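Examination of the molecular architecture
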Amino acid sequence: MAFRRRNKSYPFFSQEFLIQNHADIVFSLVIFILIGLMFEATAKTAILFIQPQYNITTLSLEVTTYHYGWKDCATILFYFFIAIILHAVVQEYLLDKVNRRLHLSKSKNTKFNESGQLGVFHLVSSVWSFYILITVKFFYLTQLAYWLHALPELYFQKVRKEEIPRQLQYICLYLLHISVAYLLNLSRVGLVLLFLQYVSELGFHIARLLYFTDENHQKMFDLWAVSFVFTRMATLTLMFLAVGFGLARCENQGLDIEMGNFNTVLIRMTVLLVVCLTQSWLLWKFIRFQLRRWREFRHEQAVRKKATAKQPVRQLKRDTFGYHENGVLKAENGVSPRTKKLKSP
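Residues numbered from 1 in each chain as written. Predicted model: local features only at pLDDT ≥ 70, side-chain atom pairs only at ≥ 80, totals over all residues. Heavy atoms only, no water.

The protein has the name Translocation associated membrane protein 2 in an unreviewed UniProt entry, where Xiphophorus maculatus is given as its organism. The protein has a UniProt comment under Subcellular location (unreviewed entry) that states "Membrane". The record held by UniProt for the protein lists under Sequence similarities (unreviewed entry) the comment "Belongs to the TRAM family." (UniProt positions renumbered as here; feature names shortened; annotations may be inferred.)

Notes on the UniProt feature "transmembrane region" (unreviewed entry) in the protein
Annotation from UniProt places "transmembrane region" (unreviewed entry) at residues 21–39, 76–95, 116–134, 191–211, 223–245 and 265–284. Measuring from the first to the last C-alpha atom of residues 21–39 gives 29 Å, for a span that is 84% helix and 0% strand. Between the end C-alpha atoms of residues 223–245 the distance is 32 Å, and the span holds 100% helix and 0% strand. (Helix = DSSP H or I, 4+ residues; strand = E, 2+ residues; numbered from the N terminus.)

Focus: the confidence of the model for the protein
For the protein, the average pLDDT comes to 80, and 83% of its residues sit at 70 or higher. Taken element by element, the protein is modelled with least confidence in strand E6 (residues 322–325), mean pLDDT 46, and with most confidence in helix H6 (residues 164–183), mean pLDDT 91. The low-confidence segment residues 316–334 (pLDDT under 50) makes 34 contacts with residues lying over four places distant or belonging to another chain. In this model residues 339–345 is a low-confidence stretch, pLDDT under 50, and it forms zero contacts with partners more than four residues away in sequence or in other chains. (pLDDT = per-residue confidence, 0-100. Contact = heavy atoms within 4.5 Å.)

Some remarks on the packing of helix H2 (residues 40–50) against helix H3 (residues 72–102)
Axis angle and axis distance: for two packed helices, these are the angle between their axes and the distance between the axes, and together they describe the pair. Relative orientation of the contacting elements H2 and H3 amounts to 70°, with a least axis distance of 6 Å. Taken together, the axes of H2 and H3 lie roughly perpendicular to each other. Counted together, Leu48, Phe49 and Ile50 of H2 and Ala74, Thr75, Leu77, Phe78 and Tyr79 of H3 form the full contact between these two elements. For the contact of H2 with H3, a count of residues per class yields seven nonpolar, one polar and no charged. (Axes fitted to C-alpha atoms, helices over the stretch in contact; angles between N-to-C directions. Parallel < 35°, antiparallel > 145°, perpendicular 65-115°, else oblique. Nonpolar A, V, L, I, M, F, W, Y, C, P; charged D, E, K, R; others polar.)

Comments concerning the pattern of salt bridges
Evaluated as defined, the whole model comprises six salt bridges. Note that Arg208 is salt-bridged to Glu114, the shortest N-O span being 3.2 Å. Taken together, the residues span a long stretch of sequence, with Arg208 in helix H7 (residues 187–213) and Glu114 in helix H4 (residues 106–131) at a distance of 94 residues. Across this residue pair, the class does not change: Arg208 and Glu114 are buried. (Salt bridge = Lys/Arg side-chain N within 4 Å of Asp/Glu carboxyl O. Buried < 20%, exposed > 50% of the residue type's maximum accessible area, 1.4 Å probe, protein only.)

A few points about H2
Residues of H2 that are buried include every one of Ala46, Leu48 and Ile50, and no others. Of the surrounding secondary structure, the elements contacted by the buried residues of H2 are helix H1 (15–36), H3 and helix H5 (137–156).

Below is the structure:
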């Protein structure tokens, strides 16, 4: 199975070989794990990579709940490989074909691929998170796997050096918040916040994809700006209601790692502080971006007005019959005057 067209071969395990064939290598590892399910001796080990562990069966309820542990790392690793394969499929069979038609510059091509990949991911995650308000463990494992896979993809996709810090910022922020929600058993409120965040980000990446296809499509950015501010306000409100007030009134106060209870004042305040700082930082960046965009727009308008004012007014040369325009004699009514014919003697 080949995901990319190969114009020439490279030495085994060289840098270019790994970049060009990383999806095929990972696909082979996934097949190796799946083959392990076929044999009794290796099935118990292989199932650790595929199925979520630490499930708790409750007889009185029909809901299966989960704890977490070191075996989750194997599951995350497996879906880390799956994310790399899906990334290569979307890139090869969708984004690369569109790129060949648009003929984008290298900088726009990088952002187009980024928005294409994240747009697909946010769309799937938004729909998925809307339907799995009960069984959330597998959702969180795949979320961690995806954002972990985004780190080596910076190398595999040969992202430009000036783009890497920006992408590392949001990758690390996603990993931090998803990990905290998963480890502190804040999975339900985290799921709602991820749903709001992914819907907002989906709007942004759709707007950017439309802009790259036709630069006149800019109205979607205005809709995204409204959803961005709404998401920040909704995130702060829900966190204060759920963590600041809701958990503070629960009876099971205290720290119990074995039972997964982290409902202490220090942990609640730390979580609220991290969320408030993150949302404030995002709003500050958003406001700076909008102000810079507004200044650039005003500057462009001022330049256009000056250019219009400096254009010379064309003077029309008057004549007894009318005036000259472009070397042609015109009458006052705009019609070329007829030449008087002389009678032959």
